[in-house]
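# Report on the structure
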Amino acid sequence: MIRFDEVTKVYAGTQRPALSQVSLEVTKGEFVFLVGTSGSGKSTFLRLVLKEEKATKGIVRVSGKDVAKLSSWKVPHLRRTIGVVFQDFRLLPNKTVFENVAFALQVIGKPRHAISHTVPEVLELVGLEGKEARFPHELSGGEQQRVAIARAFVNRPAILLADEPTGNLDPTTSGGIMRLLDRINKTGTTIVMATHDSELVDSMRKRVIELQDGKKIRDQDRGVYGYSR
Amino acid sequence: MRLQFIFDEIVVGLRRNVAMAVSVVLVTVVSLFLLGLGFLAQRQVDTMKDYWYDRIQVSIFLCGADSDSATCTDGEVTQTQKDQIKSTLASPQLASYVKQVYFESKQEAFDRFKSQFKDSVLSNNVTVDQMPESYRVQLNNPKDYDVVAQLVTDKPGVESVEDQNQVLDRLFALLNRLKYYSWMLAGVTLICSVLLVATTIRLTAFTRRRETGIMRLVGASNFFIQLPFILESMIAAAIGATLASVALVSLTHFEIQGRLAKSLKFVNYVTTGDALMIVPWLFFIGLFIAGVSAFIALMKYLKV
């Protein structure tokens, strides 16, 4: 699903590479934790998958395709197969829960009747049925993140990327979010989650890839957060 | 539905930036109006040229009793001199250039003068004797004035040879200057509107960065993201073009046809029809420039 071959990324104007000769492969249906301190390259990894950034060296492959070879009008199609969730939720404050999730469908041209039955379905999946008419500021952090996950998942993407999704949440709420992501993973969606949260990683025992200063230093099935320390 | 979505985005965009939308409209109105004015001036020149083409005459004024020009030292023109001039005009040399020759007597000149200036005080003090006699030559091609002039100018009895072309040329030069100044100003204001559209887009793109960021993330096509911005600019330009067209047609109808044509009747003027023919051009140019500036501004300020 996602394959990195000796990928190096150096941002313009900097000396130290954000990612340095990283090679890894994530297969369909896997759940992978991407761990590391701030600045270790986790966010860069996710951005390279989305083609928000271009790799300086090496090949990034998503669903078998080399993203560097994609023309700029094909990039939106790539992004439709990937759902993304962020630490700061990134909801539209002037739209209701329903409208926020529907937005993801409207902008890719889905007809109104499709939206009106897909959105309630996915809201039920994330546990927010009954809250369609609420605005983001009326929801708790955990509920907002569920909306974000609903939006990311509504198109049934093959891959879900999560950049520190529990960063702004308390431990109990984080647990709820993780259970949700696990459920989504079990439907066959590949999940890559960048995180600092050691407790979460330790409790779930999924594959762990650790980055440090842009290099991959650990790739372990059923790993824990701080094994190499 | 996609169209509904785009429409909603445009309305929100325009409402948020009413001040900027209004300024884009206003600058567009001014620039397109000036552009149209230039076109109108050009059309006026063409209209006048068409009107006068058949009527171009070479006027050969003959010496009168009081003439004090160098060629009239012998006083009033004699019959022999007149016959000489007439035969020169009828000669085979000029045959291919001259269409017709009229002789205007003092009385005829006097009558014409009186009817042209009937409302003027001047006409009351003029007598028949003060009017010059003249030969009016109609040419096959108005540009051949020089041929006739050369042969006739220094002949005894001829006071002056006038080419009506010259009078008109001065008028045409004036209209051409009006056209160029109009277009220069139009050019400057068009640059203003381009910059204003770019600034508006920049502002709107910044204001809507959350929405456009998510649109990009979720995989909306680049075109779909850019479309509301471009359409907004084109709508503002269309409104501007409409107002400029109304102004131009009104000017033609009320001022030119309404007032000018009625008071200065010696020439043809541009009609409302001419003004209406310019309207599609204003729309085309206005919308094209708005669309292109919006597109370029988006390349610069909207990361896609």
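Residues numbered from 1 in each chain as written. Chains lettered and ligands numbered in written order. Predicted model: local features only at pLDDT ≥ 70, side-chain atom pairs only at ≥ 80, totals over all residues.

### Some thoughts on the overall build of chain B
Cut-off, in case you're wondering: A run of DSSP states H or I qualifies as a helix once it reaches four residues; a run of E qualifies as a strand once it reaches two. Both are numbered from the N-terminal end. In this description the radius of gyration comes from C-alpha coordinates, and the expected globular size is given by 2.2 Å times residues to the power 0.38. The burial label depends on the number of other C-beta atoms within 10 Å of a residue's C-beta. Counts of 20 or more mean buried, 12 or fewer mean exposed, and intermediate counts mean partly exposed, with C-beta atoms placed from the backbone. Whether two residues are in contact depends on their C-beta atoms, placed from the backbone: they are in contact if these lie within 7 Å.
Helix and strand counts for chain B come out as 10 helices and 4 strands. Radius of gyration (C-alpha) of chain B: 31 Å, far over the 19 Å computed for a compact globule of 304 residues. Counting only C-alpha atoms, chain B reaches 100 × 40 × 30 Å along its principal axes. For chain B, with 304 residues in total, the buried portion stands at 31%. In chain B, of all internal contacts separated by at least 6 residues, the share reaching a separation of at least 24 is 83%.

### Description of the overall build of chain A
Across its full length, chain A carries 7 helices and 10 strands. Rg of the C-alpha trace for chain A: 18 Å, near the compact-globule value of 17 Å for 229 residues, within the 12% margin. Principal-axis analysis of the C-alpha atoms places the extent of chain A at approximately 45 × 40 × 35 Å. Buried residues in chain A amount to 43% of all 229 residues. Counting contacts in chain A only where the partners sit at least 6 residues apart, residues at least 24 apart contribute 66% of the total.

### Things to note about helix α4 (residues 112-125) of chain A
All names here are of chain A. Here is the rule we go by: Here, expected helix span is obtained from the residue count minus one, scaled by 1.5 Å. Working note: the arc is built from the helix axis to C-beta atom directions.
For α4, which comprises 14 residues, the first-to-last C-alpha distance of 20 Å matches the rise-based estimate of 20 Å (1.5 Å per residue) to within 8%. Within the span of α4, buried status applies to V119, V122 and L123. One side of α4 holds all its buried residues, which, seen down the axis, span an arc of 100°. Residues of α4 that are exposed and angled more than 90 degrees away from the buried face: H113, A114, S116, H117, E121 and E124. Looking at the buried positions of α4, the neighbouring elements they touch are α3 (97-106) and α5 (141-153).

### Considering the interface of chain B and chain A
Put simply, the test is: Lys, Arg, Asp and Glu make up the charged group, whereas Ala, Val, Leu, Ile, Met, Phe, Trp, Tyr, Cys and Pro make up the nonpolar group; the residues left over, Gly among them, are polar.
Taken together, the contacts link 14 residues of chain B with 16 residues of chain A. Breaking the side of chain B that touches chain A down by element, the ones donating at least two residues are α1 (2-16), α8 (209-218) and α9 (222-263) of chain B. Split into classes, the residues belonging to the side of chain B that touches chain A amount to 8 nonpolar, 3 polar and 3 charged.

### Considering the nonpolar core
Within soluble globular proteins, side chains that are nonpolar generally end up buried alongside one another. To keep things clear, this is the line we draw: Defined on buried residues, the nonpolar core groups Ala, Val, Leu, Ile, Met, Phe, Trp, Tyr and Cys residues joined through C-beta atoms within 7 Å.
Formed by 70 residues in total, the largest nonpolar core has its most connected members in L34, V49, V101, A150 and L161 of chain A. Per element, the largest residue contribution to this core is 7 residues, and it comes from α3 of chain A. If we skip the residues at most four places from it in the chain, L34 of chain A touches K42, F45, V192, M193, A194, I209 and L211 of chain A. If you look at the next biggest cluster of nonpolar residues, it comprises 39 residues, including I230, L248, V270 and L298 of chain B.

### Some remarks on the environment of W281 of chain B
Residue and element names in this part refer to chain B. Locating W281 in the fold gives a position in helix α10 (residues 272-301). Taking the number of C-beta atoms within 10 Å as the measure of exposure, W281 has 15 and is therefore partly exposed. As for W281 and N176, which are separated by 105 residues in sequence, their C-alpha atoms are 20 Å apart.

### Re the environment of E232 of chain B
Residues and elements named next belong to chain B. Looking at the secondary structure, you find E232 in helix α9. The exposure class assigned to E232 is buried, which follows from the 26 C-beta atoms found within 10 Å. Counting along the chain gives 31 residues from E232 to I201, while the straight-line C-alpha distance between them is 9.1 Å.

### Describing unusual backbone geometry
With a phi close to 50°, E6 of chain A is a non-glycine residue in the positive phi region. With respect to the helices and strands, the residue E6 of chain A is situated in strand β1 (residues 2-9).

### Remarks on the sheet that holds strand β3 (residues 134-139) of chain B
Residue and element names in this part refer to chain B. Using the following cut-off: Two strands form a pair only when DSSP identifies at least two bridges running between them. In this analysis, axes come from line fits to C-alpha atoms, helices being fitted only over the stretch in contact, and the angle between any two N-to-C directions falls in the range 0 to 180 degrees.
Taken in spatial order, the 4 strands line up as β2-β3-β1-β4 in an open sheet, and their pairing is antiparallel. The open sheet has two edge strands, β2 (98-104) and β4 (158-163), and neither has a second partner. Each strand of the sheet is rotated relative to its neighbour by a mean of 20°, with strand direction disregarded. Packed onto the sheet, helix α6 (residues 145-152) meets β1 (57-62), β2, β3 and β4 and runs at close to 175° relative to β4. Packed onto the sheet, helix α7 (residues 164-207) meets β1 and β4 and runs at close to 40° relative to β4.

### Topic: the packing of α5 of chain A against helix α6 (residues 171-186) of chain A
All names here are of chain A. Quick reminder of the rule: Each angle receives one of four descriptions, namely roughly parallel if under 35 degrees, roughly antiparallel if over 145, roughly perpendicular if within 65 to 115, and oblique otherwise. Crossing handedness: left-handed means the near helix sits turned counterclockwise from the far one by under a right angle, and right-handed means the same turn made clockwise.
In contact at an axis separation of 10 Å, α5 and α6 are set at 15° when each is read in the N-to-C sense. Regarding the angle of α5 to α6, the classification is roughly parallel. Relative to α6, the crossing made by α5 is right-handed. In this structure, α5 uses G141, G142, Q145, R146, I149 and F153 to contact α6, whose residues at the interface are T173, G176, I177, L180 and I184. Of the residues contributing to the contact of α5 with α6, the split by class is 5 nonpolar, 5 polar and 1 charged.

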